[in-house]
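Chain by chain, the residues run as shown.
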Amino acid sequence: MSDLTLKREDAAGKKLLFYTLLLAAALMMLIPFFWMISTSLKTDEYVLSIPLQFIPRPLTFDSYTRLTEIFPMPRMFWNSLVVAVLTTAGQLIVSAMAAYAFARIEFRGRNALFVLYLATLMIPSQVTIIPLFILMRYLGWINTYPGLIIPGVFSAFGTFLLRQFFLTLPKELEEAAFIDGASRWTIFWRIIMPLSRPSLATLGVFAFMGSWNAFLWPLFIVRNEQLMTLPVGLATLHGRWLTQWNLVMAGAVITIIPMLIVYLFAQRYFVQGVVTTGLKG
């Protein structure tokens, strides 16, 4: 057997081992999701039964119907959707404009201001909740949609992410547009933004997931059940002495569906954005 054949077999063996490890890791990550769906389809007496049932017997959708009867699930789903969509849209617009200023507009103290802006990432959000709550109270935004949405519009991470992508775009595009008489706004809206779809999709996925899963801030700012988001509403399913885990898992399944849809829709741009963003500092 030649050395070339041995090398090919060795490479094939390593490749097989690599894919086997990847498959095992993927299965380990999928088990919690499978268990969540399985538990949501069980009756009360089989949720914690021993031995554990991975395939529900009997299989029932009663948890989902009971969930809508306990509290206004459609209303909370709508609240979460409105807050997540508007927060994501606002964050994309604000972060893109700030990132364009830091990446393309020359002004005194730009780099120092950007470093100071990034330093806010080191401050835990829990530290700023009380001052932010006081500000919302002065503005009269307690128990309102603006109180839920506006604080999430501003993101130092989003600005950093888009700035790094904007730096990779050739400056010749702007120079040619300036020669043709284009303004800063025209260049930003008609040249920079269309070329930045991968990075915008990446930030959009992160922003939507962060807003959709937010719990602490909606818990502080909202007391009206008609404005509660899904994470806050689902927390009420945890009883003091007894928790109906099939209802909790049914709520978790409903909660995760929009995030899967958003990720699948933006997957192509998301992967491209992760690859290309941050290549130039």
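Now for a description of the structure that goes with this document. (Residues numbered from 1 in each chain as written. Predicted model: local features only at pLDDT ≥ 70, side-chain atom pairs only at ≥ 80, totals over all residues. Heavy atoms only, no water.)

**Section: the environment of Arg75**
Link 1 in the chain: Here Arg75 lies in helix H3 (residues 73-104).
Link 2 in the chain: Residues Arg75 and Gln226, 151 residues apart in the sequence, show an inter-C-alpha distance of 6.8 Å.
Link 3 in the chain: If we skip the residues at most four places from it in the chain, Arg75 touches Tyr145 and Gln226.
Link 4 in the chain: A distance of 3.0 Å separates a polar atom in the side chain of Arg75 from the backbone oxygen of Gln226. (Helix = DSSP H or I, 4+ residues; strand = E, 2+ residues; numbered from the N terminus. Contact = heavy atoms within 4.5 Å. Polar contact = N/O pair within 3.5 Å; in protein donor to acceptor, adjacent residues only side chain to side chain.)

**Observations concerning the nonpolar core**
In globular proteins that are soluble, nonpolar side chains generally tend to be buried together.
Link 1 in the chain: By size, the foremost hydrophobic cluster in this structure holds 33 residues, and its most contacted members are Leu67, Phe71 and Met73.
Link 2 in the chain: Breaking this core down by element, the ones donating at least two residues are helix H2 (62-70), H3, helix H5 (125-139), helix H6 (145-149), helix H10 (197-212), helix H11 (216-221), helix H12 (230-235) and helix H13 (245-276).
Link 3 in the chain: Of the residues forming this core, the biggest block, eight residues, is contributed by H13.
Link 4 in the chain: If we ignore the near neighbours within four places in the chain, the residues touching Leu67 are Met73, Leu237, Leu247, Ala250, Gly251 and Ile254.
Link 5 in the chain: By size, the runner-up hydrophobic cluster in this structure holds 17 residues, among which are Phe165, Leu167, Ile187 and Ile192. (Core = buried A, V, L, I, M, F, W, Y, C linked by side-chain atoms within 4.5 Å. Buried < 20%, exposed > 50% of the residue type's maximum accessible area, 1.4 Å probe, protein only.)

**Things to note about the pattern of salt bridges**
Link 1 in the chain: Enumeration over the complete set of coordinates arrives at three salt bridges.
Link 2 in the chain: Its salt-bridge partner being Glu106, residue Arg110 comes within 3.6 Å of it at the nearest N-O pair.
Link 3 in the chain: For Arg184, the salt bridge identified is with Glu174, shortest N-O distance 3.6 Å. Residue Arg184 is found in helix H9 (residues 184-195), and its partner Glu174 is found in helix H8 (residues 172-179); the two are separated by ten residues along the sequence.
Link 4 in the chain: A relative accessible area of 6% means that Glu174 is categorised as buried. (Salt bridge = Lys/Arg side-chain N within 4 Å of Asp/Glu carboxyl O.)

**Brief notes about the packing of helix H4 (residues 110-119) against helix H7 (residues 156-166)**
Link 1 in the chain: Axis separation between H4 and H7 bottoms out at 9 Å; the angle between their running directions is 135°. Here H4 is positioned oblique relative to H7, judged by the angle of their axes. Helix-helix and strand crossings are classified by hand; for H4 and H7 the assignment is left-handed. Residues Phe114, Tyr117 and Leu118 of H4 form the contact with H7, whose own contacting residues are Ala156, Thr159, Phe160 and Arg163.
Link 2 in the chain: Among the residues forming the contact of H4 with H7, the class breakdown is five nonpolar, one polar and one charged. (Axes fitted to C-alpha atoms, helices over the stretch in contact; angles between N-to-C directions. Parallel < 35°, antiparallel > 145°, perpendicular 65-115°, else oblique. Left-handed = near helix turned anticlockwise from the far one by under 90°. Nonpolar A, V, L, I, M, F, W, Y, C, P; charged D, E, K, R; others polar.)

**With respect to H2**
Link 1 in the chain: Ser63, Tyr64 and Leu67 are the residues of H2 that are buried. The buried residues of H2 occupy an angular sector of 100° when projected down its axis, which confines them to one face. (Arc of directions from axis to C-beta.)

**So, the environment of Thr87**
Link 1 in the chain: Locating Thr87 in the fold gives a position in helix H3.
Link 2 in the chain: For the pair formed by Thr87 and Ile37, sequence separation is 50 residues and the distance between their alpha carbons is 29 Å.
Link 3 in the chain: Not counting the four nearest positions on each side in its chain, Thr87 is found in contact with Ile149, Gly152, Val153 and Ser211.
Link 4 in the chain: Here Val83 takes part through its backbone oxygen, which lies 2.6 Å from a polar atom of the side chain of Thr87.

**With respect to the packing of aromatic side chains**
Link 1 in the chain: Under the criterion given, the structure shown has eleven aromatic pairs.
Link 2 in the chain: Plain terms: the ring middles of Phe61 and Tyr64 are 6.2 Å apart, the flat faces sit at 45° to each other, and that makes the pair tilted.
Link 3 in the chain: The class of Phe61 is exposed, set by a relative accessible area of 54%.
Link 4 in the chain: With relative accessibility at 19%, the residue Tyr64 sits in the buried group.
Link 5 in the chain: A centroid spacing of 5.7 Å and a plane angle of 40° characterise the contact between Trp185 and Phe188, whose relative ring orientation is tilted. (Phe/Tyr/Trp six-rings, centres within 6.5 Å; stacked < 30°, edge-to-face > 60°.)

None of the figures reported here should be taken as evidence of function without further support.
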